[in-house]
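Fold and contact review
This is what each chain is made of:
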Amino acid sequence: MKRLAVALLFFAMLTGLWELAVRSGRWSIVLLPSPVFVAEYIWGALLDGTLIESTWVTLKRLLIGYAAGVVIGLPLGLLTSTTQVLEDTIGSLALGFQTLPSVCWVPLALVWFGQTEGAMLFVVIMGTVWSVIIATDHGARNIPPIYARAARTMGSEGFHKWTRVILPASLPFLVSGMKQGWAFAWRSLMAAEIYVTILTGFGLGHLLHYGRELNAMEQVIGIMIVIVVIGLLVDRLLFSPWERFLHRRWGTNVKET
Amino acid sequence: MELSHPESLTAAPAKLIVENVFKRFTSSRATVQALDDVSLTVAEGEFVCLIGQSGCGKSTLLDIMAGLTMPDSGRVLADGKLVEGPGRQRLVMFQESALFPWLDAFGNVMFGLKLRPDLTGAERRDIADHFLKLVGLEKFRHAHVHELSGGMKQRVALARALAPDPQVLLMDEPFAALDALTRDQLYDDIQRIWMGSRKTIVFVTHNVREAVCLGNRVVLMSPSPGRISQIFQIDLAHPRDINSRDLAGYTSTIAAALKGTLKGAVFE
């Protein structure tokens with residue numbers, strides 16, 4: 001409770017400083033709108049439904065793209081960690097593509113898929129899958145070999161070993177891999193939505209983009225805040241419970257961010 | 001089996017036979033002859049301690065008995081059958097407990113039991129409870145691994161190794177990382193359990209007193225190349241007290257012999 005109060009106080013002070021900066025009159029009100037205007041915009045967009053609708057469109061793309069990225073990335077990461085050939089091929093491919101900022105996939109996606117949902121998904125998957133592969137691979141490699149040895153002596157082989165030993169043993173790494181994948185998916189999608197205008201759905205990135213076009217800075221800043229809040233909420237709701245569970249079980253200091 | 005070995009001093013049938021085992025480890029920098037023509041017979045119900053300086057191949061020998069490592073040449077027979085891989089009849093206890101952190105104490109003991117299709121669920125739970133009680137941890141059934149002390153972890157590991165009812169227990173310096181007080185207690189426990197169950201135990205250690213306290217025989221190994229240099233018969237009744245005077249004579253003899261194996265050895 002005390003930590004929450006400190007955090008709230010901090011953000012209140014930050015908003016206060018922002019308001020003071022606006023009132024000082026040094027910057028044009030068009031470039032730096034007052035937090036009150038931003039709040040009014042968010043409230044208005046909430047009421048007229050644009051915000052809910054765009055958030056839904058964005059989250060739907062994100063979840064589908066992210067799920068596909070994880071479903072492809074997890075097994076590939078486990079495979080590259082065990083097979084030399086796959087490590088040298090898919091592993092190095094993943095390492096290479098991971099360094100590529102996901103916005104770089106946008107031109108290719110546009111040419112291949114046109115202005116469609118497919119282009120969006122393609123960018124999100126490309127942004128997610130490589131980092132999931134690398135994090136999973138890294139995790140599976142760091143399982144203490146003694147677990148596998150102990151399991152083998154007790155007669156655990158093949159499928160049983162994978163599902164009852166390797167998978168649970170790599171759980172902490174899988175979760176951090178999935179978390180990293182999530183961060184990358186979120187970034188990729190925002191890049192894609194800002195650069196690609198499609199008619200099948202108007203996401204948060206589009207609102208941000210049109211805010212700039214209309215010179216509506218309160219919209220730009222408001223949407224940025226919404227994006228940050230969604231990121232935080234997902235972290236708290238999706239990943240924190242997992243991390244707390246692992247923390248209790250392993251006794252390790254899994255960082256809760 | 002017409003095999004008879006001079007070091008087999010007991011009349012009981014042979015449980016484990018190691019025949020002319022060679023094992024070499026090659027890395028880019030050096031080649032180590034970990035085991036050089038090692039033969040050993042362990043009788044059923046016997047408690048054998050392998051002792052020697054680090055690098056003498058005692059852990060490698062244990063791994064080969066377990067079937068976790070394959071010898072370059074030579075073979076290991078368990079109950080007259082060739083060891084071709086790890087088997088539930090020969091369970092291993094490691095220096096680190098190797099307990100699975102995603103399971104609680106009970107779950108860890110259940111792990112090996114669940115791999116025995118001949119048992120029902122209720123039987124498995126009864127057996128797991130029995131062995132947790134045997135090692136004095138029935139109250140820590142649902143404790144997570146990280147909540148247990150080093151000694152308690154090794155007790156759970158012991159229960160986990162005993163629960164599937166193996167005939168042979170292979171222990172690789174299981175108490176080396178524990179404090180002296182905890183170790184003394186575990187010496188009593190392991191002797192009590194061994195006397196109660198008459199499992200065959202092969203126990204690797206570098207602690208002479210520990211070897212004398214526990215073993216029917218103490219097998220002294222010498223490094224580079226790893227060989228058996230001497231075998232000592234310890235004619236004292238179990239349970240033995242680690243601090244008893246009777247151990248002193250054996251301890252000093254074996255310690256002197258252990259020093260002898262050090263000549264020319266390289267310290268790590």
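That block above? That's the structure.
Note that the structure is predicted; figures quoted are calculated from it, not measured.

Our focus in this paragraph is the overall build of chain B. Helices and strands together make up the secondary structure of chain B, namely seven helices and 10 strands. In terms of overall dimensions, chain B is globule-like: its C-alpha atoms have a radius of gyration of 18 Å, near the 18 Å expected for 268 residues. For chain B, the C-alpha atoms occupy an extent of roughly 50 × 45 × 40 Å along the three principal directions. Of the contacts made within chain B by residues no fewer than 6 positions apart, 72% connect residues no fewer than 24 positions apart.

Our next topic: the environment of Asp 137 of chain A. Residue and element names in this part refer to chain A. Mapped onto the fold, Asp 137 is located in helix 6 (residues 117-141). Residue classification places Asp 137 among the buried residues on the basis of 27 C-beta atoms within 10 Å. Those residues within four positions of Asp 137 in sequence are excluded, and the remaining contacts are Gly 77, Thr 80, Ser 81 and Gly 91.

What follows is about the sheet that holds strand 4 (residues 73-78) of chain B. Residues and elements named next belong to chain B. Taken in spatial order, the four strands line up as 2-1-4-5 in an open sheet, and their pairing is antiparallel. For this open sheet the edge positions go to strand 2 (31-43) and strand 5 (81-82), each flanked by a neighbour on one side alone. Inspection of the sheet shows strand 1 (residues 14-26) paired to strand 4 by five bridges, in the antiparallel sense. Directly across from Glu 19, in strand 4, lies its bridge partner Arg 75. In the packing of helix 1 (residues 58-66) onto the sheet, contacts are made with strand 1, strand 2 and strand 4, and the angle to strand 1 comes to roughly 120 degrees.

It is worth spelling out helix 2 (residues 105-114) of chain B at this point. Residue and element names in this part refer to chain B. The buried count for helix 2 comes to eight of 10 residues, which makes it a mostly enclosed element. Of the positions making up helix 2, those classed as buried are Ala 105, Phe 106, Asn 108, Val 109, Met 110, Phe 111, Gly 112 and Leu 113. Those residues of helix 2 that are buried are in contact with helix 3 (121-134) and helix 4 (150-162).

Turning next to the nonpolar core. Of all hydrophobic cores here, the largest spans 86 residues; its most connected members are Leu 50, Ile 51, Met 65, Val 109, Leu 170 and Val 219 of chain B. By residue number, the principal contributor to this core is helix 4 of chain B, which donates seven residues. Non-local contacts of Met 65 of chain B, meaning those with residues more than four positions away in its chain, are made with Leu 16, Val 18, Val 76, Arg 90, Leu 170 and Val 202 of chain B. Val 70, Met 178, Phe 184 and Val 196 of chain A belong to the second largest nonpolar core, which has 37 residues in total.

Quick notes on the rules
- Residues numbered from 1 in each chain as written.
- Chains lettered and ligands numbered in written order.
- Predicted model: local features only at pLDDT ≥ 70, side-chain atom pairs only at ≥ 80, totals over all residues.
- Helix = DSSP H or I, 4+ residues; strand = E, 2+ residues; numbered from the N terminus.
- Rg over C-alpha atoms; globule rule 2.2 N^0.38 Å.
- Contact = placed C-beta atoms within 7 Å.
- Buried ≥ 20, exposed ≤ 12 C-beta atoms within 10 Å, placed from the backbone.
- Pairing = 2+ DSSP bridges.
- Axes fitted to C-alpha atoms, helices over the stretch in contact; angles between N-to-C directions.
- Core = buried A, V, L, I, M, F, W, Y, C linked by C-beta atoms within 7 Å.

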